[in-house]
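# Commentary on secondary and tertiary structure
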Amino acid sequence: MKMKKRLFHYAMGTCAALLFSMQLLAQHSIKGQLRSANGEPLSGATIILKGTNKSVVTDEKGAFSLDVPVGSTLVVSYVGYTPQEIKVTNQSALDVQLQPSTAQDLQQVIVVGYGTQQKKDLTGAISLVKASEVQKRQATTVAEAMQGLASGVYVRGGGRPGSEANIQIRGIKNLSNSNPLYVIDGMITTANRDFNPNDIESIQILKDASAAAIYGSRAANGVIIITTKKGRQGPMKVEFSGKSSLEVTPRFELAETEEFARLNNMAYDNAGKPRQQLDMSVNTDWQDEAFQVGNMHDYNLAFSGGSSNGSYMVSGGYFGNKGTVISTNFDRLSFRVNTQGSKGIFSIGENLAISNSKTDEMSGNPYADVTRLLPTIPVHDPANPGGYGYGNEAKARTFGTNPVAIANLEDRTNENFRVRGNLWSELKFLPFLKYRLNLGYETSNDHYDYLRKEGNWTLNQPYDPAIAEENRARWQSGLVENTLSFNKTFGSHSVNAVVGQTYQRDDYARISGRKRNIIRSSTGEFIDVLDQGNEPQTGGYNQRAVLLSYLGRVEYNYADKYLLNAVIRRDGTSRLSTANQWGNFPSVSAAWRISKESFFNVDWINDLKLRASYGTLGSSNIGYWDYLATINTFSTIAMGADQHIESGATVVRLVNDDLKWEKLTQKNIGIDATFLNNRLSLTAEYYIADTKDVLTAMPIAYTTGNDGGNPVVNAASLRNKGFELSATYREDLKPFKYYATANITTLKNKVLELGYGRNNIYVGNTVTEIGKPIGMWYVLETDGLFQSQQEVDNYKNKDGKVIQPTSKPGDIRFKDNNGDGQITNADKALVGIPWSDWELGLNLGASYKNFELSMNWFGAFGATVYNGMKSLVDRFDDNSNYRKGIQPWTPENTNTDVPRAYYGSTLNSRGDTKRFLENGSFMRLKYIGIAYNLPPSLTNKIGFSNASVTLSGQNLITFTKYDGLDPEFNNSSIYERGFDNYSFPNLKMYSLGLQFGF
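Criteria and cut-off values
- Sequence order as written defines the numbering, with residues in each chain counted from 1.
- Restriction of local features to residues with pLDDT of at least 70 applies here, the model being predicted, together with a cutoff of 80 or more for giving and counting side-chain atom pairs; totals for whole chains, interfaces and linings are based on all residues.
- Side-chain numbers come from the whole structure's heavy atoms, not from hydrogens or water.
- Helical segments are the DSSP runs of H or I of at least four residues, strand segments are the runs of E of at least two, and each set is numbered from the N terminus.
- Burial classes: relative accessible area under 20% of the type maximum marks a residue as buried, over 50% as exposed, and values in between as partly exposed (1.4 Å probe, protein chains only).
- Here the accessible surface of atoms and residues is derived via Shrake-Rupley with a 1.4 Å probe, and residues count as covered only by protein chains that are part of the display.
- Only four residue types enter the tally: Lys and Arg on the positive side, Asp and Glu on the negative side, with His and both chain ends excluded.
- Lysine's charge is taken at NZ, arginine's at CZ, aspartate's at CG and glutamate's at CD.
- Here, expected helix span is obtained from the residue count minus one, scaled by 1.5 Å.
- UniProt positions are given in the numbering used here, feature names are shortened, and annotations may be inferred rather than shown by experiment.
- By definition, two strands form a pair when at least two bridges between them are found by DSSP.
- The rule for a salt bridge is simple: a side-chain nitrogen of Lys or Arg has to be within 4 Å of a carboxyl oxygen of Asp or Glu.
- For helices, the axis comes from a line fit to the C-alpha atoms of the stretch in contact; other axes are also lines fit to C-alpha atoms, and the angle between any two N-to-C directions lies between 0 and 180 degrees.
- Two aromatic rings from Phe, Tyr or Trp, using only the six-membered ring of Trp, form a pair when their centres are within 6.5 Å; if the ring planes differ by under 30 degrees the pair is stacked, by over 60 it is edge-to-face, and anything between is tilted.
- Charge-over-ring contacts are defined here by two conditions on Lys NZ or Arg CZ: a distance within 6 Å of the ring centre and an angle within 35 degrees of the ring normal.
- Any two residues having at least one pair of non-hydrogen atoms within 4.5 Å are treated as being in contact.
- Without a salt bridge and with relative accessible area above 30%, a residue can belong to a patch; like charges are then joined within 9 Å and nonpolar side chains (Val, Leu, Ile, Met, Phe, Trp, Tyr) within 5 Å.
- We call a set of buried residues a nonpolar core when its members are Ala, Val, Leu, Ile, Met, Phe, Trp, Tyr or Cys and they connect through side-chain atoms within 4.5 Å of each other.
- For the purposes of these results, a polar contact is taken to be a pair of N or O atoms within 3.5 Å, where, inside protein, one atom must be able to donate a hydrogen and its partner to accept one; residues adjacent in sequence count only when each atom of the pair is a side-chain atom.
- Confidence of the prediction at every residue is given by pLDDT, a number between 0 and 100.

What follows deals with the overall build of the protein chain. Each helix and strand in the protein chain was counted, giving eleven helices and 52 strands. Principal-axis analysis of the C-alpha atoms places the extent of the protein chain at approximately 100 × 80 × 70 Å. Within the protein chain, the fraction of its 998 residues that count as buried is 54%. Only carbon and sulfur atoms are counted for the fraction: they give 55% of the accessible area of the protein chain, which is about 42,700 Å². Side-chain charges of the protein chain comprise 103 positive and 99 negative groups, with the mean position of each set lying 7 Å from the other.

Next up, the structure:
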């Protein structure tokens with residue numbers, strides 16, 4: 001509350017000072033007419049007062065009017081035409097002609113953090129993602145929709161309702177799997193599942209240190225800057241977009257009862273064990289029971305407009321997703337208001353977004369359960385607690401979970417109400433000097449509900465009564481930013497500078513409660529409120545973090561040929577120890593536009609620019625209090641003859657109180673070029689990024705007394721290096737137009753140091769070693785199957801020792817890599833890397849008259865991945881279902897790579913072998929859509945200014961050799977990135993959309 005009051009008083013005082021200064025500069029009213037080169041009026045063109053947010057849009061006759069200071073500059077732009085800058089003198093009328101542009105992309109204005117630049121003047125690595133490309137896909141989050149649209153950006157998602165994609169910019173910078181920083185309309189925030197992608201106007205991705213350094217310690221994982229839609233001068237516009245989709249999940253090919261019984265009996269017979277008493281009258285398709293056709297609905301309505309002194313945009317949206325897994329849903333309601341206004345030298349505006357999202361979470365993992373459960377088990381069994389089937393010791397001994405049972409017996413919901421927004425004001429003292437105040441506030445109220453009803457869903461499950469659990473939490477963040485910017489041209493010299501100070505504080509508080517033996521109402525429903533039941537458990541905690549920063553940037557441009565950019569940011573954080581709270585993060589970048597040189601005279605090259613950058617970024621992405629020891633004050637001890645109780649305190653978590661900044665140093669060289677009358681544009685980058693003093697949890701022995709989690713230390717050092725290429729070709733052969741964009745990314749990561757004497761980290765079937773990539777596959781190598789007892793007896797080491805003496809024909813032959821005559825973990829070898837050698841995004845589009853066709857392809861090539869499903873269903877040592885058509889080795893069937901079926905032994909079922917590794921390369925059609933734009937002759941009759949209908953599909957075609965459900969799976973573990981452990985797959989989607997405006 002105190003923080004809110006301080007922010008309020010700060011804002012009011014500043015606004016009063018700004019209002020007092022409003023009349024310092026005289027205003028001049030100017031009217032104008034905008035025409036094309038052949039004299040036709042240009043309707044909808046934008047006229048911006050340079051260096052401000054003040055703008056107008058021409059009417060249907062190409063006319064506009066605007067109040068501006070004498071001596072200021074107007075920037076006139078229209079899609080397809082070269083922008084013009086016009087100096088305002090004492091004239092009262094303007095007649096402006098725009099020439100067709102062949103270099104639209106170079107004139108684009110890019111948001112770069114606390115300012116803007118034209119794309120042609122960039123010196124750092126920044127990618128622009130078109131909002132239209134993101135919005136035509138059906139996706140819960142903006143990250144998921146950006147896949148393949150920018151080079152150097154790794155995105156993996158899935159089809160689970162409410163899920164959020166994993167996104168990385170230029171590789172793994174640390175071991176904490178951190179997402180990039182999001183900046184939305186100047187507010188440091190997130191763009192998670194409660195943010196509506198339809199509100200987006202533009203997206204910029206800051207990839208290298210020089211571009212991101214203005215955000216300092218929070219930019220080590222890259223920065224994504226999002227600008228939302230604003231109103232334009234003119235009468236109110238109403239825009240509607242709606243899309244409805246059907247979703248279909250991929251399915252496994254699994255055995256039915258007859259085939260399953262044959263294989264299961266074979267496994268028991270080979271092991272010499274009595275067969276199960278399988279119920280052959282049951283043939284349950286568990287995928288039919290667990291999966292369904294999902295649907296998705298996305299509806300958005302926006303109202304916008306404005307005058308010469310202000311604008312507004314109000315939008316509302318509903319997004320609903322009924323999942324392809326039973327009892328999973330996600331719903332989001334969103335509302336946004338963006339307004340701005342100006343009077344004289346004073347401007348003010350706000351961006352406010354309110355959303356409420358609710359997720360019916362998935363219980364268990366049904367994609368694993370449908371393979372674990374046997375087709376001979378019925379869905380319902382009244383003999384079991386709760387009435388669901390899950391097998392028994394005699395007929396179906398399995399430990400799979402009945403997905404129908406767990407979906408009905410467990411209810412998990414997550415609801416989130418979020419308000420995020422900022423209030424900004426500007427005072428332009430002089431045409432080249434501007435002060436800006438930005439006040440941001442965000443709060444999120446989270447509510448988690450859990451109800452566990454009576455009943456079982458798996459074999460030998462212990463009894464649990466009805467349980468209710470509820471968590472409520474609130475997170476809030478306050479932001480204060482003061483910046484002063486200078487922008488002036490001196491002949492051929494142009495200087496743009498900004499200095500500023502920022503303060504942000506985050507607070508998080510949570511309470512939780514749990515009760516057992518929840519009672520039922522008279523109707524039989526459980527009363528899931530915490531005043532019922534018994535055995536209460538409660539908990540709660542508060543957390544706070546503060547970041548104080550100072551920043552500065554200078555951009556210098558000489559004759560549009562030589563460009564220089566220097567940034568410095570100093571950050572202080574409460575997450576690190578007092579001695580190490582402050583860090584400095586500088587960067588410098590430069591560019592040389594060779595095409596402007598007098599000696600350069602190549603007709604087919606329109607623009608050619610070389611650039612280079614070097615910079616340092618930081619991270620303190622750890623817990624709130626990781627440098628402070630944890631003390632348990634609840635301990636007691638019985639003392640004395642009377643054994644009375646004394647309270648005490650013990651340190652349960654040891655810490656490193658000397659934590660310091662994790663620092664990333666990045667070097668980048670790049671080239672930007674356009675060719676063939678600007679029809680072809682190309683950007684290429686090569687970079688090396690080194691992270692030192694990586695903040696990571698270090699395991700220590702329990703004998704130290706540590707029992708509160710591994711302490712965080714500065715230990716590892718990592719390196720990422722890669723090449724990026726983005727190329728676009730456009731052609732306008734009226735009435736036929738087309739374009740093609742290719743984004744190619746290569747990336748190699750390497751561990752330089754693990755710290756504290758560590759040489760490796762083992763996780764599952766992977767090892768991370770110094771000098772090699774993270775999470776390499778470290779397993780036993782196989783060498784086919786034994787075909788006879790003679791082969792078993794002859795498989796010896798150099799000393800004549802039989803290596804696998806207990807094996808039989810049909811068993812796997814493992815490589816004895818160390819030659820000691822036995823198969824142990826010492827024989828494991830590095831056999832593959834889970835990271836792609838390169839990734840490709842291919843975006844194609846064409847239009848003819850009123851028809852438009854677009855498609856996005858995405859591919860990743862060279863990764864070795866682990867098929868978790870095969871490691872379960874191909875093992876035969878316990879009871880799960882089997883792959884349909886599988887042919888295990890028998891004396892009559894020796895031409896196979898599947899070992900003999902053998903129940904109750906791990907001989908052929910070890911998961912730590914090369915057997916389950918596969919080529920994870922794929923190429924996928926992520927999106928294809930065809931749109932029809934209704935002609936004006938029709939829209940005018942119904943009072944619309946535009947209208948279109950779109951038919952589209954997502955993930956319809958995939959080319960891959962991978963046998964799992966989805967080669968594009970998402971595993972959030974850094975060390976097991978290539979492990980497909982029944983990840984929720986991407987879904988096929990069929991959509992119909994409607995858009996209109998008036």
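For the rest of this paragraph, the subject is helix 5 (residues 257-270). Here helix 5 spans 20 Å end to end across 14 residues, near enough to the 20 Å set by a 1.5 Å rise per residue. Taken together, the buried positions of helix 5 are T257, E259, F260, A261, L263, N264, N265, M266, A267 and Y268. Trailing helix 5 by a residue or two, G272 shows a phi angle of about 70°, which is positive.

This chain's UniProt record puts "domain: TonB-dependent receptor plug" (unreviewed entry) on residues 119-223. Between the end C-alpha atoms of residues 119-223 the distance is 17 Å, and the span holds 12% helix and 26% strand.

Another point: the pairing of strand 37 (residues 736-753). Note that strand 36 (residues 712-733) and strand 37 share 17 bridges and pair antiparallel. Residue Y729 lies in a different strand from strand 37, and its bridge partner there is A740. Hairpin connection of strand 36 to strand 37: two residues between the antiparallel strands. Sheet topology places strand 37 next to strand 44 (residues 838-848); eleven bridges connect them, and they run antiparallel. Paired with T746 across the strands is W838, a residue of strand 44.

Tallying each qualifying case throughout the model produces 57 salt bridges. As a salt-bridge pair, E469 and R514 come within 2.8 Å of each other at their nearest N and O atoms. In this pair, E469 sits in strand 24 (residues 467-490) while R514 sits in strand 25 (residues 493-516), placing the two residues 45 residues apart along the sequence. Here the salt bridges share partners, and the residues they tie into one network are R170, K207, K609, R611, D672, E685 and E724.

This brings us to the pairing of strand 15 (residues 200-206). Along any regular strand the residues' side chains alternate between the sheet's two faces. Taking burial as the measure, the seven residues of strand 15 include six buried ones, the bulk of the element. Bridging between strand 10 (residues 126-129) and strand 15 involves four bridges; their strand directions are antiparallel. Within strand 15, the residue paired with S127 across the bridge is I205.

An order of 3-2-5-6 is seen for the four strands of this open sheet, with the pairing classed as antiparallel. Whereas interior strands pair on both sides, the edge strands pair on one side only; in this sheet they are strand 3 (55-57) and strand 6 (84-87). For this sheet the average axis-to-axis angle between neighbouring strands, irrespective of direction, equals 20°. Across four bridges, strand 5 (residues 73-77) lies against strand 6 in antiparallel orientation. Across the sheet, the residue bridging to T73 is K87, located in strand 6.

Once that is clear, we can look at unusual backbone geometry. The omega torsion of the bond from K734 to P735 falls at 5°, within 30 degrees of zero and hence cis. Relative to the elements of secondary structure, P735 occurs in the loop between strand 36 and strand 37. Notably, Y756 is not glycine yet its phi reads approximately 55°, a positive angle. Mapped onto the secondary structure, Y756 falls in the loop between strand 37 and strand 38 (760-763).

Strand order in the open sheet formed by five strands is 10-15-16-13-14, with mixed pairing between adjacent strands. The open sheet has two edge strands with one neighbour each: strand 10 and strand 14 (187-189). Strand after strand, the sheet turns through a mean of 25° between neighbouring axes, direction not considered. Relative to strand 16 (residues 223-228), strand 15 is paired through six bridges, and the arrangement is antiparallel. Bridge pairing in strand 16 links I205 to I224.

The next subject is the packing of aromatic side chains. One pass over the structure, following the stated rule, counts 29 aromatic pairs. In this structure an aromatic cluster arises from ring pairing among F240, F944, F996 and F998. The side chain of R575 reaches across the aromatic face of Y624, ending 4.5 Å from its centre.

As a further point, take the environment of L718. With respect to the helices and strands, L718 occurs in strand 36. Classification of L718 by relative accessible area gives buried; the value is 1%. Residues L718 and L175, 543 residues apart in the sequence, show an inter-C-alpha distance of 9.1 Å. Setting aside anything within four residues of it in sequence, one finds L718 in contact with I172, K173, N174, L175, A689, D690, T691, V694, K750, V751, L752 and I774.

This brings us to a nonpolar patch on the surface. A contiguous nonpolar surface patch, about 700 Å² in accessible area, is contributed by F851, L853, I930, Y932, V949, L951, L992 and L994. Along the chain, Y932 falls in strand 48 (residues 922-933). Overall, Y932 belongs to the partly exposed group, its relative accessible area being 30%.

With that out of the way, let us pick up the nonpolar core. Core analysis: the largest hydrophobic core is formed by 42 residues, its most contacted members being F252, Y367, F876 and Y982. Sorting the residues of this core by element identifies helix 5, helix 6 (286-290), helix 7 (366-372), helix 8 (403-409) and helix 10 (868-873) as the ones contributing at least two each. Element by element, the count of residues in this core is highest for helix 5, at six residues. Contact partners of F252, with chain neighbours within four places excluded, come to Q287, Y367, V370, T371, M869, L965 and Y982. Judged by nonpolar contacts, the second largest core, of 26 residues, contains V183, I188, L206 and V223.

With that settled, the discussion passes to the side chain of N656. For N656, the position within the fold is in the loop between strand 33 (650-653) and strand 34 (662-675). Look at N656 and you get buried, because its relative accessible area is 18%. Within the local environment of N656, its side chain forms a polar contact with the backbone nitrogen of D658, the two atoms lying 2.8 Å apart. In contact with N656, not counting residues within four places along its chain, are D626, Y627, V712, V713 and Y756.

Among the secondary structure elements, E410 is positioned in strand 22 (residues 410-430). On the basis of relative accessible area, E410 is assigned to the buried category, the value being 7%. A distance of 2.6 Å separates the side chain of E410 from the side chain of Y450, its partner in a polar contact. Among residues more than four places away in sequence, those in contact with E410 are S363, Y450, L451, R452 and W457.

Before going further, it helps to spend a moment on the confidence of the model for the protein chain. Averaged over all residues, the pLDDT of the protein chain equals 90, while 95% of them reach at least 70. Contacts of residues 7-25 to residues separated by more than four positions or lying in other chains number 27 contacts, the stretch itself having pLDDT below 50.

Attention now moves to the environment of A405. By secondary structure assignment, the location of A405 is in helix 8. When its relative accessible area of 0% is taken as the criterion, A405 is described as buried. Along the primary structure A405 and K31 are separated by 374 residues, whereas in three dimensions their C-alpha atoms are 71 Å apart. The contact partners of A405, leaving out residues within four places of it in the chain, are Y388, N456 and W457.

With that out of the way, let us pick up the environment of K561. You can see K561 is positioned in the loop between strand 26 (534-558) and strand 27 (562-573). Beyond its immediate chain neighbours, meaning those up to four positions away, K561 contacts A591, W592, R593, K596 and E597.

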